[in-house]
Amino acid sequence: MQHILTVLNNWFWWEDMWMPRNCSWANFEDHNGYVFPKPQQLFATIPYAFVMLAIRFFLERCFAIPLANMLGIKKTRRIKPQPNPTLEAFFKECRKPSQSEIRGLAKKCNWTMHLVEKWFRRRRNLEIPTLHKKFQEACWRFVFYTTSFTAGIIFLYDKPWFHDIWLVWLNYPFHSVLPSQYWYYMLEMSFYWSLLFTLGIDTKRKDFKAHVVHHFAALGLMFCSWSANYIRLGTLVMIVHDFADIWLEAAKMFNYARWENTCSVLFVIFSIAFFITRLILFPFWILRATLYYPALYTDTLVPAYFFFNVQLLILQGLHIYWAYLVFNILKKFIFVKNVKDDRSDEEEEDSFSDAEEEYMKNGHKNGSSHPLLNNNH
């Protein structure tokens with residue numbers, strides 16, 4: 001087994017996979033003031049991800065929750081439905097039963113159809129995060145993207161390749177890693193690791209699978225660009241992606257606070273920023289530099305070039321998919337004057353009469369029938 005792992009490791013780090021012609025890993029040894037990236041340095045992003053989670057926990061508790069209260073977002077107290085093994089077993093198979101199924105379940109439980117519908121409504125609501133929780137998540141991402149984008153501007157504004165992207169290939173691969181580039185990668189990779197670690201507890205939306213693909217593609221891109229010393233390009237990709245996300249998370253925050261006008265303005269700004277950065281700058285600035293320029297620079301394209309660009313093209317495919325979702329929301333905003341994130345489930349209204357509430361708590365325990373069982377509901 002150890003021999004197989006050794007062979008795979010040697011094959012994966014084969015110089016012809018990553019290095020241009022007449023270049024080897026020996027050339028990436030630090031010398032004469034040049035500091036080169038080392039793939040093993042990226043292991044540090046795992047513990048940094050837990051630091052990121054600690055910062056997130058602190059920010060959500062000490063900043064996001066008070067801000068949510070100040071904006072008038074009420075904490076919703078979810079009422080658990082009365083334990084019912086029959087309905088719970090059915091719920092695991094189907095969250096929204098049909099009328100005929102509700103009728104059958106009502107007979108089994110000796111309840112009215114109305115009461116069964118209410119039970120399922122309460123049970124579904126338990127699965128939906130509260131506005132407070134959604135606000136906390138959006139607030140954390142807003143703070144991160146704002147911090148990351150600001151750091152990116154500070155790190156890149158005076159770099160010549162930020163103004164002339166052809167210079168990302170000048171003297172490649174002999175680019176010394178700057179401290180600012182190292183910490184920019186640590187910041188971004190630890191953030192995406194932390195998002196993967198919290199997938200099970202964060203709010204799930206209809207594009208959940210697309211987000212999972214995005215997180216893995218982002219981490220793969222950063223790993224590949226660091227290992228092959230495409231760091232100049234990697235930092236440009238990161239800063240292009242962070243800008244639009246600032247406005248999206250800000251729009252979400254005000255949407256949860258029911259500040260509709262502010263949310264609408266922020267969403268329009270986000271839409272403009274998204275279309276410019278993801279559908280113009282990314283394909284015609286970044287992809288042009290990664291797909292076309294290397295062919296002019298060298299007559300031999302190494303496998304790392306293809307691996308890097310395939311992941312970039314996956315990201316571009318996700319951009320087109322999300323652009324479709326954004327466009328649909330914009331259409332509703334223009335024609336219906338309503339900005340709503342269709343990716344999230346909405347909480348359903350939950351109301352019982354006093355008699356029904358009492359029965360939910362006590363009535364079925366002793367086998368009594370519902371007081372309105374014989375009424376038409």
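Throughout, a residue's number is its position along its own chain's written sequence, starting from 1. Totals for whole chains, interfaces and linings use all residues, but because this is a predicted model, local features are given only for residues with pLDDT of at least 70 and pairs of side-chain atoms are given and counted only at 80 or more. As a rule here, side-chain values cover all heavy atoms of the structure and leave hydrogens and water aside.

- As annotated in an unreviewed UniProt entry, the protein is Ceramide synthase 3 from Anolis carolinensis.
- UniProt positions are given in the numbering used here, feature names are shortened, and annotations may be inferred rather than shown by experiment. Among the UniProt annotations of the protein, the heading Catalytic activity (unreviewed entry) holds the following wording: "sphinganine + octadecanoyl-CoA = N-(octadecanoyl)-sphinganine + CoA + H(+)".

Some points on the packing of helix 4 (residues 85-93) against helix 5 (residues 99-109)
Part 1: A fitted line through C-alpha atoms serves as each axis, taken over the contacting stretch for helices, and the angle formed by two N-to-C directions is quoted from 0 to 180°. Numbered from the N terminus, helices here are DSSP runs of H or I no shorter than four residues, and strands are runs of E no shorter than two. Running from N to C, helix 4 and helix 5 cross one another at 155°; their axes reach a closest spacing of 10 Å. The angle between helix 4 and helix 5 falls in the class roughly antiparallel. Between helix 4, through Thr-86, Leu-87 and Phe-90, and helix 5, the contact on the second element is made entirely by Glu-101, Leu-105, Lys-108 and Cys-109.
Part 2: Just so you know the grouping, Ala, Val, Leu, Ile, Met, Phe, Trp, Tyr, Cys and Pro go in nonpolar, Asp, Glu, Lys and Arg go in charged, and all remaining residues, Gly too, go in polar. Residue classes in the contact of helix 4 with helix 5 are distributed as 4 nonpolar, 1 polar and 2 charged. Should an angle fall under 35 degrees it is called roughly parallel, over 145 degrees roughly antiparallel, and 65 to 115 degrees roughly perpendicular, with every other angle called oblique. Pairs of residues are marked as contacts when any of their non-hydrogen atoms sit within 4.5 Å.

Points about helix 11 (residues 231-256)
Part 1: A helix is expected to span 1.5 Å multiplied by its residue count minus one. Compared with the 38 Å implied by 1.5 Å per residue over 26 residues, the 38 Å span of helix 11 between its first and last C-alpha is a close match.
Part 2: Burial analysis of helix 11 places 22 of its 26 residues in the buried class, which makes it a mostly covered element.
Part 3: Count one or two residues on from helix 11 and you reach Arg-258, which has phi positive near 65°. Under the scheme applied here, a residue whose accessible area is under 20% of the maximum for its type counts as buried, over 50% as exposed, and between as partly exposed, the area being computed with a 1.4 Å probe on protein chains only.

Some details on unusual backbone geometry
Across residues other than glycine, the phi torsion is negative in most instances, and most of the peptide bonds are trans.
Part 1: Following Tyr-172, the chain continues to Pro-173 via a peptide bond in cis, the omega torsion being 5°.
Part 2: Along the chain, the position of Pro-173 falls in the loop between helix 8 (160-163) and helix 9 (179-197).
Part 3: The backbone of Asn-171 sits at a positive phi, close to 65°, despite the residue not being glycine.
Part 4: One non-glycine residue, Asn-229, lies in the positive phi region at around 60°.
Part 5: Note that Asn-229 resides in the loop between helix 10 (208-227) and helix 11.

Overview of the pattern of salt bridges
Part 1: Salt bridge, as used here, is a side-chain nitrogen of Lys or Arg placed within 4 Å of a carboxyl oxygen of Asp or Glu. Following the criterion strictly, the structure yields 10 salt bridges and no others.
Part 2: One salt bridge connects Lys-133 with Glu-137, and the closest N-O pair in it is separated by 3.1 Å. Of this pair, Lys-133 and Glu-137 both sit in helix 7 (residues 131-156), 4 residues apart, which is roughly one turn of the helix.
Part 3: Residue classification places Lys-133 among the partly exposed positions, given a relative accessible area of 30%.
Part 4: Overlapping salt bridges, with partners in common, bring together Arg-56, Glu-60, Arg-61 and Asp-202 in one network.

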